Amino acid sequence: MSIKQNLHKIQSQIPQHVTLVAVSKTKPNTDIIEAYEAGQRVFGENKIQEMVDKHEALPKDIQWHMIGHVQRNKVKYMAPFVSLIHGVDSFKLLKEIDKEAKKNSRTINCLLQIKIAKEDSKFGMSEKDAVQLLQSEAFNNLKNVQITGVMGMATFTDNTSQIENEFLTLKNIFDTLHKQYPNFKTISMGMSGDYQTAIASGSTMIRVGSSIFGSRNYN
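Given the structure is predicted, the values throughout are model-derived calculations rather than measurements.

A. Region of interest: the overall build of the protein chain. The number of helices and strands found in the protein chain is ten helices and eight strands. In terms of C-alpha radius of gyration, the protein chain reaches 17 Å, essentially the compact-globule figure of 17 Å for 219 residues. Taken over the C-alpha atoms alone, the protein chain extends approximately 50 × 45 × 35 Å along its principal axes. In the protein chain, which comprises 219 residues, the proportion classed as buried is 50%. Residue pairs in contact within the protein chain that sit at least 24 positions apart in sequence constitute 59% of those at least 6 positions apart. The protein chain carries 27 positive and 22 negative side-chain charges, and their two centres are separated by 4 Å.

Encoded structure:
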């Protein structure tokens, strides 16, 4: 099927309140334009330089989401335009985003990345870390970032009950935080292989790449 057909199939399967982030990392601009012409406006990248190059070349009404691990020294390159940063896993990173957002007279929306997977390879903070950050005076002094929710990545496994349990853990953490922080709106969880489980577990934002654009070539 074409990119357009893949997109429309996924859009027909997900509820209206769920945002579809089309993960366009490693994909050429022609593929992104095909998705754009099919109505997609939210795209996710995991490398800042690649996202910057695509932002410069492609239509300006695209919302660019940074979904990968963020190096602090590269925040300045995306600060003028990034729409949402998914992977905030430390106060140091948040402070850097705030600094660069201020330089660009912007408020940048961010999600706290919570570690829900059993794998050591996944980044993220604990629920306790997140609460401490949100309640800290240092965080309250940041004026150019807005935490709008949480993000998490499940373990890479075929064990669907484990994946479901990890997603439900993130949903419970979100619910707890939402009581204190009503502006929390987003639970970003679920990718090509598990987004339906994620939505059933409460996800409001899914990150789908290969099911839209086909498998990636990393060579």
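B. Broad picture of the packing of aromatic side chains. Inspection of the entire model under this criterion finds three aromatic pairs. Seen in terms of ring centroids, Phe174 and Phe184 are 6.4 Å apart; in terms of plane orientation they differ by 35°. Their pairing is tilted. Of this pair, Phe174 sits in helix H8 (residues 160-180) while Phe184 sits in the loop between H8 and strand S7 (186-188), and the two are ten residues apart along the sequence. Residue Phe174 is classed as buried on the basis of its relative accessible area of 8%. With a relative accessible area of 1%, Phe184 lands in the buried category. Within the aromatic cluster, the residues linked to one another by ring pairs are Phe174, Tyr181 and Phe184. Just above the ring of Tyr36 sits the side chain of Arg41; from NZ or CZ to the centre is 3.6 Å.

C. Examining helix H2 (residues 29-37) more closely. What H2 keeps buried is the set Asp31, Ile32, Ala35 and Tyr36. When H2 is viewed along its axis, its buried side chains cluster within an angular range of 140° and face the same direction. Along H2, the residues that are exposed and aim more than 90 degrees away from the buried face are Thr30 and Glu37. Residues of H2 that are buried in the fold lie against helix H1 (3-13), strand S2 (42-45), helix H3 (48-57), strand S3 (63-66) and helix H10 (210-213). At the C-terminal side of H2, Gly39 shows a positive phi close to 105°.

D. Expanded view of the nonpolar core. Formed by 63 residues in total, the largest nonpolar core has its most connected members in Met78, Ile85, Leu94, Ile97, Cys110, Ile114 and Ile212. The greatest single-element share of this core, amounting to six residues, is contributed by H8. Those residues within four positions of Ile85 in sequence are excluded, and the remaining contacts are Met66, Val70, Met78, Ile97, Ile108, Asn109, Cys110 and Leu111. Membership of the second largest hydrophobic core comes to six residues, among which are Val21, Leu84, Leu111 and Met205.

E. Highlighting the pairing of strand S6 (residues 145-151). Among the seven residues that make up S6, six are buried, leaving the element largely enclosed by the rest of the structure. Two strands pair when backbone bridges link them, and strand S5 (residues 108-113) and S6 are joined in this way by six bridges, in the parallel orientation. Bridging across to S6, Leu111 finds its partner in Gly149. With three bridges connecting them, S6 and S7 associate as parallel partners. The residue of S7 that forms the bridge with Val150 is Ile187. The β-α-β motif built from S6, the intervening H8 and the parallel element S7 has right-handed crossover chirality.

F. Quick look at the pairing of strand S8 (residues 205-208). Of the two faces of S8, both are covered, the one formed by Met205 and Arg207 as well as the one formed by Ile206 and Val208. Across four bridges, strand S1 (residues 19-23) lies against S8 in parallel orientation. Opposite Leu20, over in S8, you have Ile206 as the bridge partner.

Each value, and the rule that gives it
Residue numbers restart at each chain and count upward from 1, following the sequence in its written direction. Residue-level local features of this predicted model are given only where pLDDT is at least 70; pairs of side-chain atoms are given and counted only at 80 or more, and the full residue set underlies all totals for whole chains, interfaces and linings. Only hydrogens and water are set aside; all other atoms, that is, all heavy atoms of the structure, feed into the side-chain values. Secondary structure counts use DSSP, requiring at least four H or I residues in a row for a helix and at least two E residues in a row for a strand, with both numbered from the N terminus. Based on C-alpha atoms, the radius of gyration is set beside the globule rule, defined as 2.2 Å times the residue count to the power 0.38. Residue exposure (1.4 Å probe, protein chains only): buried if accessible area is under 20% of the type maximum, exposed if over 50%, otherwise partly exposed. Two residues form a contact once any of their heavy atoms are found within 4.5 Å. Under this rule, positive means Lys or Arg and negative means Asp or Glu; His and the chain ends count for nothing. By convention, the charge on Lys lies at NZ, on Arg at CZ, on Asp at CG and on Glu at CD. To pair, rings of Phe, Tyr and Trp, with the six-membered ring standing in for Trp, must have centres within 6.5 Å; the planes then decide the type, stacked if under 30 degrees apart, edge-to-face if over 60, and tilted in the middle. The criterion is that NZ of a Lys, or CZ of an Arg, lies within 6 Å of the ring centre and within 35 degrees of the ring normal, and then a charge sits over that ring. The directions from the helix axis to the C-beta atoms form the arc being described. Among the buried residues, those of types Ala, Val, Leu, Ile, Met, Phe, Trp, Tyr and Cys that are joined through side-chain atoms within 4.5 Å form a nonpolar core. Whether two strands pair depends on DSSP finding at least two bridges between them. A clockwise path from the first strand over the helix to the second, with the strands pointing away from the viewer, defines a right-handed crossover.

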